[in-house]
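Next come the chains, spelled out residue by residue.
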Amino acid sequence: MPGLLDATPALLDARAVHARWSKVNCEYLDYVERTPACLQRSSYPNLYRDPSLRVFSIQPWPFFVDSARYREVGEVAVGMDRLLRSVIERFLRNDPREVARFYGSNDDRPPEAPEVNEALVMVVAEEPSGVAGAPARADYVETARGLRMVEYNAGGTLGGLQTDAVAGQYLASPLTARFLSEQNLRVRPPQILQLLFLHLVEDTVRMGAWTEGELNVAVVVRPAEPPRVAVHSVDAYNRHLRAALRACGVQGGGRVFLCDADDLVLDGNWIRLHGHRVHAVIEQHDGSADLRATFRAFKMGGVNLYSGPIAWLINDKRNLVLISEHADSDEFTAAERALIEAHLPWTRRALPQRTTFRRRPFRIPEDLVEHREEMVLKKASSVGGRQVVVGRFLADAQWERAIARALSEEDWVVQEYEEGLPFCFQSEAGVVRHDMIWGLFTFGGRFGGAYLRLAPVGRAGGRVNGCQGADVGAALEVIG
């Protein structure tokens, strides 16, 4: 008689997908079958004991990744990150006129986005620019062709920094702890915050913003509403900062402060907060914070900033277009071309043009209608899964309206839809097939760990994002 998890072909397929990452995943699914409590979210009350996690919907089941696969994922993340950081210089030569023309703003840009013009580009692109140091997270979906990058985000305001805490709660869950004990398994949780603060200290010392004494960090949170502030654990931040200071040989100690942008005061080339000199500032706000004074201090070398207005350029989805359009050109080395072929979907600007798709002639917009189920439209500056339109989840008339809007606003991209492999996780409806997004962090050329987002297939129009109600999860690395 088939077990609960073998009820549908989709879940049978999911077992094979889970096994590709680690055979421990299949052992865990077997454990779920013989442990009915695993099917109830009420069996995992500890997941929300950490105040920083209470605003999230957490997937109760962990996901396991063998060390060899984890290293492979890290190599992909670092290689693709290096490509994305290079596009402004590689294709636009850091020329203010070309950069302003390519990223030209329109009247429908988000209110927090700066207007991109030559004057702004001249100031922003001059070193220090923040491009090399910006923390980043690229989002991937696993398909039959492997991991495919669907989005890239860089700067201070990155979702997923709480993944370490999620993993900690997995390990503290009696049900998960029992499974690990029965299987005699050792696992390593993500170390995203530890690696972020290690990068922050190294980068701040390297640029000369710190030379002696304490090394203090300000995390700018706005709006300063209790649920938003609670996401940030000052205790965890300080613990990881102290560890990073020790690892880098910084003897003077330091502290992390949560603050509003208005609390930061320009003092010559420095920034002060409540009487303390601040050496690094991390943006964690909704775009409304005025950090112009901090940006001036950054340009003068008095403070490190993650990441200032440069983030709007390196996050722009049109950067994926530059790589995709030149994927076969001599602009890239053979190794880079292989990386692009393996991991970047076809992406073009949503503007009238003749191009190729799957090596055949393709007209935009005419052929977009016929290829609705294979395409996704995304506004270049969209965040949080907003202004992302997945063709296969729309009727023809809705898709045609989305195309018309993209053409009118002139700052959208069209990307090939990447169909994810099936994953098997718990939901309110029982055990069902899920789409899963891998958020892979990179900090200064170093892989920073994985942040998972999961949702039942087809929910929220195919957008797997916390803003659309997706669960968050963590990958546990199997060691030994």
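Before going into details, it helps to say that this report is about the structure given with it. (Residues numbered from 1 in each chain as written. Predicted model: local features only at pLDDT ≥ 70, side-chain atom pairs only at ≥ 80, totals over all residues. Heavy atoms only, no water.)

## So, the sheet that holds strand S15 (residues 375-379)
Phase 1 of the analysis: Read from one edge to the other, the open sheet built from four strands follows the order S12-S17-S15-S16, with strand pairing classed as antiparallel. Among the strands making up the open sheet, the edge pair consists of strand S12 (347-349) and strand S16 (388-390). Across this sheet, the average inter-strand angle for adjacent strands is 20°, counted without regard to direction.
Phase 2 of the analysis: With three bridges joining them, S15 and S16 adopt antiparallel strand pairing. Directly across from Val376, in S16, lies its bridge partner Val390.
Phase 3 of the analysis: On the sheet, helix H13 (residues 318-325) packs against S12 and strand S17 (412-416) and is oriented at approximately 115° with respect to S12.
Phase 4 of the analysis: Sheet strands in contact with helix H16 (residues 396-409) are S15, S16 and S17, and its direction is about 40° off that of S15. (Pairing = 2+ DSSP bridges. Helix = DSSP H or I, 4+ residues; strand = E, 2+ residues; numbered from the N terminus. Axes fitted to C-alpha atoms, helices over the stretch in contact; angles between N-to-C directions. Contact = heavy atoms within 4.5 Å.)

## Topic: the pattern of salt bridges
Phase 1 of the analysis: Overall, the coordinates contain 37 salt bridges when judged by the stated rule.
Phase 2 of the analysis: For Glu118, the salt bridge identified is with Arg97, shortest N-O distance 3.9 Å. Of this pair, Glu118 sits in helix H5 (residues 118-125) while Arg97 sits in helix H4 (residues 96-102), placing them 21 residues apart in sequence.
Phase 3 of the analysis: Exposure remark for Glu118: the relative accessible area of 37% places this residue in the partly exposed category.
Phase 4 of the analysis: Taken together, the shared-partner salt bridges in this structure form one network comprising Arg145, Arg148, Arg358, Glu374, Glu416 and Glu418. (Salt bridge = Lys/Arg side-chain N within 4 Å of Asp/Glu carboxyl O. Buried < 20%, exposed > 50% of the residue type's maximum accessible area, 1.4 Å probe, protein only.)

## Points about the packing of aromatic side chains
Phase 1 of the analysis: What the rule picks out here adds up to 19 aromatic pairs.
Phase 2 of the analysis: Pairing Phe441 with Phe443 gives two aromatic rings, centres 5.8 Å apart and planes at 35°, and the pair type is tilted.
Phase 3 of the analysis: On the basis of relative accessible area, Phe443 is assigned to the buried category, the value being 0%.
Phase 4 of the analysis: An aromatic cluster of at least three residues, connected via ring pairs, comprises Trp21, Phe63, Phe423, Phe425 and Trp438. (Phe/Tyr/Trp six-rings, centres within 6.5 Å; stacked < 30°, edge-to-face > 60°.)

## Quick word on the environment of Trp312
Phase 1 of the analysis: Turning to its location among the elements, Trp312 is positioned in helix H12 (residues 310-314).
Phase 2 of the analysis: Taking the C-alpha atoms as reference points, Trp312 and Leu241, separated by 71 residues in sequence, lie 27 Å from one another.

## Examining the sheet that holds strand S11 (residues 304-306)
Phase 1 of the analysis: Taken in spatial order, the four strands make up an open sheet running S6-S5-S10-S11, and their pairing is parallel. The open sheet terminates on both sides in strands that have one partner only, identified here as strand S6 (256-259) and S11. Strand-to-strand twist in this sheet, taken as the mean axis angle between neighbours without regard to direction, amounts to 20°.
Phase 2 of the analysis: The sheet contact formed by strand S5 (residues 217-222) and strand S10 (residues 280-285) spans six bridges and is parallel. By the bridge assignment for S10, Val219 is matched with Ile282.

## What about the pairing of strand S21 (residues 471-479)?
Phase 1 of the analysis: For S21, a buried count of nine out of nine residues is recorded, marking the element as mostly surrounded by other parts of the structure.
Phase 2 of the analysis: A two-sided burial pattern is seen for S21, the buried positions comprising Asp471, Gly473, Ala475, Glu477 and Ile479 on one face and Val472, Ala474, Leu476 and Val478 on the other.
Phase 3 of the analysis: Here strand S4 (residues 186-188) runs beside S21; their pairing, made up of three bridges, is antiparallel. What sits directly across from Val187, in S21, is Val478.

## Points about the pairing of strand S13 (residues 353-357)
Phase 1 of the analysis: Two elements, S13 and strand S14 (residues 360-364), share five bridges in a ladder whose sense is antiparallel. What sits directly across from Gln353, in S14, is Ile364.
Phase 2 of the analysis: Adjacent in sequence and paired antiparallel, S13 and S14 are bridged by two residues, among which Arg358 carries a positive phi angle near 55°.

## Thoughts on the packing of helix H3 (residues 67-92) against helix H14 (residues 334-343)
Phase 1 of the analysis: Two elements in contact, H3 and H14, have axes whose closest approach is 11 Å; the angle formed by their N-to-C orientations is 110°. Looking at the two axes, H3 sits roughly perpendicular to H14. On H14, the residues that touch Val76, Gly79, Met80, Leu83 and Arg90 of H3 are Glu336, Leu339, Ile340 and His343.
Phase 2 of the analysis: Looking at the contact of H3 with H14, its residues break down into five nonpolar, two polar and two charged. (Parallel < 35°, antiparallel > 145°, perpendicular 65-115°, else oblique. Nonpolar A, V, L, I, M, F, W, Y, C, P; charged D, E, K, R; others polar.)

## As for the nonpolar core
Phase 1 of the analysis: Among the nonpolar cores identified, the biggest contains 124 residues, and Trp61, Phe63, Phe64, Tyr140, Met149, Leu264 and Trp438 are the most heavily contacted of them.
Phase 2 of the analysis: Per-element tally for this core: the top contributor is H3, with 12 residues.
Phase 3 of the analysis: What Tyr140 contacts, discounting residues up to four positions off in sequence, is Val76, Ala77, Met80, Leu147, Arg148, Met149, Met436, Ile437, Trp438 and Leu440.
Phase 4 of the analysis: Ranked by size, the runner-up nonpolar core spans 15 residues in total, among them Trp346, Ala350, Phe362 and Trp412. (Core = buried A, V, L, I, M, F, W, Y, C linked by side-chain atoms within 4.5 Å.)

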